[in-house]
Amino acid sequence: FFLNVITITLVIGIFSFLGFREYSTISLRASVEDLETNIADNERQNREHLQRHSEFLRLNRELEEIQSFLATPVRSSDLLLAIAQLRPESILFTNIAFNTRVETVGRQRRPGYVITLNGTVRGSPFEVPVTVNEFQEALESEPVIAEHLRRVDIRSLNRDPTLGHFTLAMAIELEPPPEKR
């Protein structure tokens, strides 16, 4: 009698243990499926958020570029107009670039501005250096530019014998605008 009771108790205990284990496995499987569904939904949302974030960063860069362009010490349109009016007819610009760079003045970091002029100069080897120097002096004495001018550099003036002209590269460096208080 005791042997039957012990056997039945052991069988009931083993079945209870196996049943509980199977129930736990089923509930864990259901939890895993729920979590996988949540992960799939969150991945889609995460991709959307990443796309919005990259769009935000792109717009932020554009806004910073516009702000730096507008914060120049000289209005860009006035500067380009002055350069165009001072340009001798023998000089033809092929590229005008407006660049900013961060300069450290004391403990403060402020934007510095460089206008790079690239082009060609027609004329004889004796006329071209004179023409370029006169243009440089005219830029340095132009009131629109002179107030904020750091320097005008002729970076290169090279003869191109195959095309019969000189290539010119100039840089106009402007002082950083004073810090607003």
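Residues numbered from 1 in each chain as written. Predicted model: local features only at pLDDT ≥ 70, side-chain atom pairs only at ≥ 80, totals over all residues. Heavy atoms only, no water.

Visitor: Account for the overall build of the protein, with residues named and values stated.
Guide: Scanning the protein from terminus to terminus reveals four helices and four strands. In the protein, the succession of α and β elements from N to C terminus is α-α-β-β-α-α-β-β. Here the protein holds 181 residues, and the buried ones make up 24% of them. When the accessible surface of the protein is split by element, carbon and sulfur atoms take 57% of a total near 13,400 Å². (Helix = DSSP H or I, 4+ residues; strand = E, 2+ residues; numbered from the N terminus. Buried < 20%, exposed > 50% of the residue type's maximum accessible area, 1.4 Å probe, protein only. Areas by Shrake-Rupley, 256 points an atom, 1.4 Å probe, with all protein chains shown as cover.)

Visitor: I'd love a proper account of helix α2 (residues 76–86), names of residues and values included.
Guide: Turning to α2, its buried residues number three or more, namely S76, L79, A82 and I83. For α2, the buried positions fall inside an angular range of 130° around the axis, keeping them on one side. (Arc of directions from axis to C-beta.)

Visitor: I'd love a proper account of the packing of aromatic side chains, names of residues and values included.
Guide: The tally for this structure, following the rule as stated, stands at two aromatic pairs. Aromatic pair F93 and F135: ring centres 5.9 Å apart, planes at 45°, arrangement tilted. Residue F93 is found in strand β1 (residues 91–105), and its partner F135 is found in helix α3 (residues 127–141); the two are separated by 42 residues along the sequence. In this pair, the class of F93 matches that of F135, namely buried. (Phe/Tyr/Trp six-rings, centres within 6.5 Å; stacked < 30°, edge-to-face > 60°.)

Visitor: Which residues make up the nonpolar core, and what are the values?
Guide: One finds I83, L117, F135, L139, I145 and I172 to be the most contacted residues of the largest nonpolar core, which totals 21 residues. When residues of this core are traced back to their parent elements, those giving at least two are α2, β1, β2 (108–121), α3, β3 (149–160) and β4 (165–174). Ranked by the residues each element gives to this core, the list is headed by β4, at five residues. In contact with F135, not counting residues within four places along its chain, are I83, L86, R87, P88, I91, F93, L117 and M170. (Core = buried A, V, L, I, M, F, W, Y, C linked by side-chain atoms within 4.5 Å. Contact = heavy atoms within 4.5 Å.)

Visitor: Can you break down the pairing of β4 residue by residue, with the values?
Guide: Consecutive side chains along a regular strand alternate between the two faces of the sheet. For β4, the buried fraction is high: nine of the 10 residues fall into the buried class. Where β3 and β4 come together, 10 bridges link them in antiparallel fashion. The partner of V152 across the bridge, within β4, is I172. Between β3 and β4, which pair antiparallel in sequence order, lie four residues; one of them, G164, sits at a positive phi of approximately 75°. (Pairing = 2+ DSSP bridges.)

Visitor: Outline α3, supporting the account with residue identities and numerical values.
Guide: With 15 residues, α3 should cover 21 Å at 1.5 Å per step; its first-to-last C-alpha distance of 21 Å lies within 8% of that length. Residues of α3 that are buried: V128, T131, V132, F135, Q136 and L139. The buried residues of α3 occupy one face: seen down the axis, they fall within an arc of 135°. Opposite the buried face of α3, by more than 90 degrees, sit the exposed residues E134, E137 and S141. (Expected span 1.5 Å × (residues − 1).)

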